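A closer look at the structure
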Amino acid sequence: MYAMTQLTLRFFGPFQVSIDATPITGFHSDKARALLAYLALDPQEHARTALATLLWPQIGDQYARTNLRNTLYRLRQTLDASAPGVSDRLLTISRQTVHFNIDSAAVDVLQFQMLLAEAQAAPSAKRKQLEAATALYQGELLQGFEVADAAPFEGWLRLHRELLHRQALLTFHLLATAHEDDGHYAQAYAVANRLLTLDPIREKTHQQMMRLLALLGQPSQALQQMEQLHRLLHEELGIEPAAETVALAKQIATGVFDKMTGRHDDKVTGGQGSVLGPPVIPSSGH
């Protein structure tokens, strides 16, 4: 009997599969990778005919099913070469169906979605769950991955990339807001700054960063943030910042924002009572 192994599948960013922290790199084709990712991200019973059509849409059903059978065989060989018997734990395969066993592996995307759902359902644990979720998000789904002659799979991948991108935007926004509400302005700024890398022209995030910079005693940097937004909106969309953003910039420039937030002497205290000068942004590990 073999010791229990930990199988980890990471699909945020490049495709990565590891067993006990050792990467598995011997997949014989992109379609084997695509098949594993599809099964793991939609862990239900799939008909073999549907999987064959998903990955081999341009050939007859019989040949597509033969290709699927061969790909499944080689996929299991690759997995078992790293840990004998692991494929039986991971996949339930019958003559008609294939099913990924969700309890057999850690899948980053599924963990991310579970943490986001928990954060939205249980506000008391929100920040902890959101921090864990943002740590999992290492880039778009299957970054750089494509299967040129499998249009159905490519369509599925585009839709899931967009869905997960939107969920990532929500997660980073919720975490930045939670930090701001708790008075942890430097942490909120770090999260909001990362959010901007996902959506550079998201005006609400620019507004939040302007607020945070002002709260951190950096009004000039807050106004530079406004100028950056103005330039991006003009270049990318040909529009001007919203009236709300312009009003915030005026409040910061004239000192009204300081009065509204109770700031004094161009210094603020962070969530732990320390006096903050220029923003000291904690490392997020990314």
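In case you missed it, the structure is sitting above this.
It should be emphasised that the depicted structure is a prediction, and the values quoted were computed from it without experimental measurement. (Residues numbered from 1 in each chain as written. Predicted model: local features only at pLDDT ≥ 70, side-chain atom pairs only at ≥ 80, totals over all residues. Heavy atoms only, no water.)

1. Considering the sheet that holds strand β1 (residues 7-10)
- Pairing is mixed across the open sheet formed by four strands, whose spatial order is β3-β2-β1-β7. Two strands lie at the open edges of the sheet, namely β3 (22-23) and β7 (106-107), each paired on one side alone. (Pairing = 2+ DSSP bridges. Helix = DSSP H or I, 4+ residues; strand = E, 2+ residues; numbered from the N terminus.)

2. So, the pairing of β1
- As defined by bridge partners, β1 adjoins strand β2 (residues 16-19) across four bridges and the pair is classed as antiparallel. Across the sheet, residue Thr 8 finds its bridge partner in β2, namely Ser 18.
- Hairpin connection from β1 to β2: five residues lie between these consecutive antiparallel strands, with Gly 13 at a positive phi of about 85°.
- Bridge analysis of β1 against β7 gives two bridges, and the strand direction is parallel. In the sheet register, Leu 9 faces β7, and the bridge partner there is Val 107.

3. Describing the packing of helix α7 (residues 151-181) against helix α9 (residues 203-215)
- Interaxial distance between α7 and α9 falls to 12 Å at its minimum, and their mutual angle equals 25°. Overall, the two elements α7 and α9 adopt an arrangement that is roughly parallel. Crossing handedness for the pair α7 and α9: left-handed. Contact with α7, carried on its side by Ala 176, Thr 177 and Glu 180, involves Gln 208, Arg 211, Leu 212 and Leu 215 of α9 and no other residues of that element.
- Partitioned by chemical class, the residues of the contact of α7 with α9 number three nonpolar, two polar and two charged. (Axes fitted to C-alpha atoms, helices over the stretch in contact; angles between N-to-C directions. Parallel < 35°, antiparallel > 145°, perpendicular 65-115°, else oblique. Left-handed = near helix turned anticlockwise from the far one by under 90°. Contact = heavy atoms within 4.5 Å. Nonpolar A, V, L, I, M, F, W, Y, C, P; charged D, E, K, R; others polar.)

4. Regarding the packing of aromatic side chains
- Going through the model one piece at a time under the given rule, you end up with nine aromatic pairs.
- Their ring planes at 80° and their centres at 5.2 Å tell us that Phe 12 and Phe 112 sit as a pair that is edge-to-face. Remark: Phe 112 occurs in helix α5 (residues 108-121) and Phe 12 occurs in the loop between β1 and β2; sequence separation between them is 100 residues.
- Exposure remark for Phe 12: the relative accessible area of 2% places this residue in the buried category.
- Between Phe 153 and Trp 156 the ring centres are 5.5 Å apart and the planes differ by 35°, which places this aromatic pair in the tilted class. Residue Phe 153 and its partner Trp 156 are located together in helix α7, separated by three residues, close to a single helical turn. With respect to class, Phe 153 is no different from Trp 156; both count as buried.
- Here the aromatic cluster, defined as three or more aromatic residues joined through ring pairs, consists of Phe 12, Phe 112, Tyr 137 and Phe 172. (Phe/Tyr/Trp six-rings, centres within 6.5 Å; stacked < 30°, edge-to-face > 60°. Buried < 20%, exposed > 50% of the residue type's maximum accessible area, 1.4 Å probe, protein only.)

5. Some words on the nonpolar core
- Leu 7, Leu 9, Phe 11, Leu 36, Phe 100 and Phe 153 are the most contacted members of the largest nonpolar core, which totals 79 residues.
- By residue number, the principal contributor to this core is α7, which donates nine residues.
- Setting aside its immediate chain neighbours within four residues, Phe 11 contacts Ala 37, Ala 40, Leu 41, Val 107, Asp 108, Val 109, Glu 140, Leu 141 and Leu 142. (Core = buried A, V, L, I, M, F, W, Y, C linked by side-chain atoms within 4.5 Å.)

6. Section: helix α10 (residues 219-236)
- For α10, which comprises 18 residues, the first-to-last C-alpha distance of 26 Å matches the rise-based estimate of 26 Å (1.5 Å per residue) to within 8%.
- Of the surrounding secondary structure, the elements contacted by the buried residues of α10 are α8 (185-198), α9 and α11 (243-254).
- Positioned one or two residues after α10, Gly 238 has a phi angle of 70°, which is positive. (Expected span 1.5 Å × (residues − 1).)

7. A closer look at the pairing of strand β6 (residues 97-100)
- With three bridges joining them, strand β4 (residues 45-47) and β6 adopt antiparallel strand pairing. Paired with Glu 45 across the strands is His 99, a residue of β6.
- As paired strands, strand β5 (residues 91-93) and β6 are joined by three bridges and run antiparallel to one another. Residue pairing across strands places Thr 92 opposite His 99, the latter belonging to β6.
- Counting the residues that bridge the hairpin from β5 to β6 gives three residues.

8. Regarding the pattern of salt bridges
- With the rule as written, the count across this model stands at eight salt bridges.
- Residue Asp 30 is joined to Arg 33 by a salt bridge in which the shortest nitrogen-to-oxygen separation is 3.1 Å. A residue pair is termed a helical-turn pair when its members lie 3 or 4 positions apart in one helix, as Asp 30 and Arg 33 do in helix α1 (residues 30-41) at three residues.
- Across the salt bridge formed by Asp 88 and Arg 76, the nearest N and O atoms sit 2.4 Å from each other. In this pair, Asp 88 sits in helix α4 (residues 86-90) while Arg 76 sits in helix α3 (residues 61-82), placing the two residues twelve residues apart along the sequence.
- A relative accessible area of 29% places Arg 76 in the partly exposed class. (Salt bridge = Lys/Arg side-chain N within 4 Å of Asp/Glu carboxyl O.)

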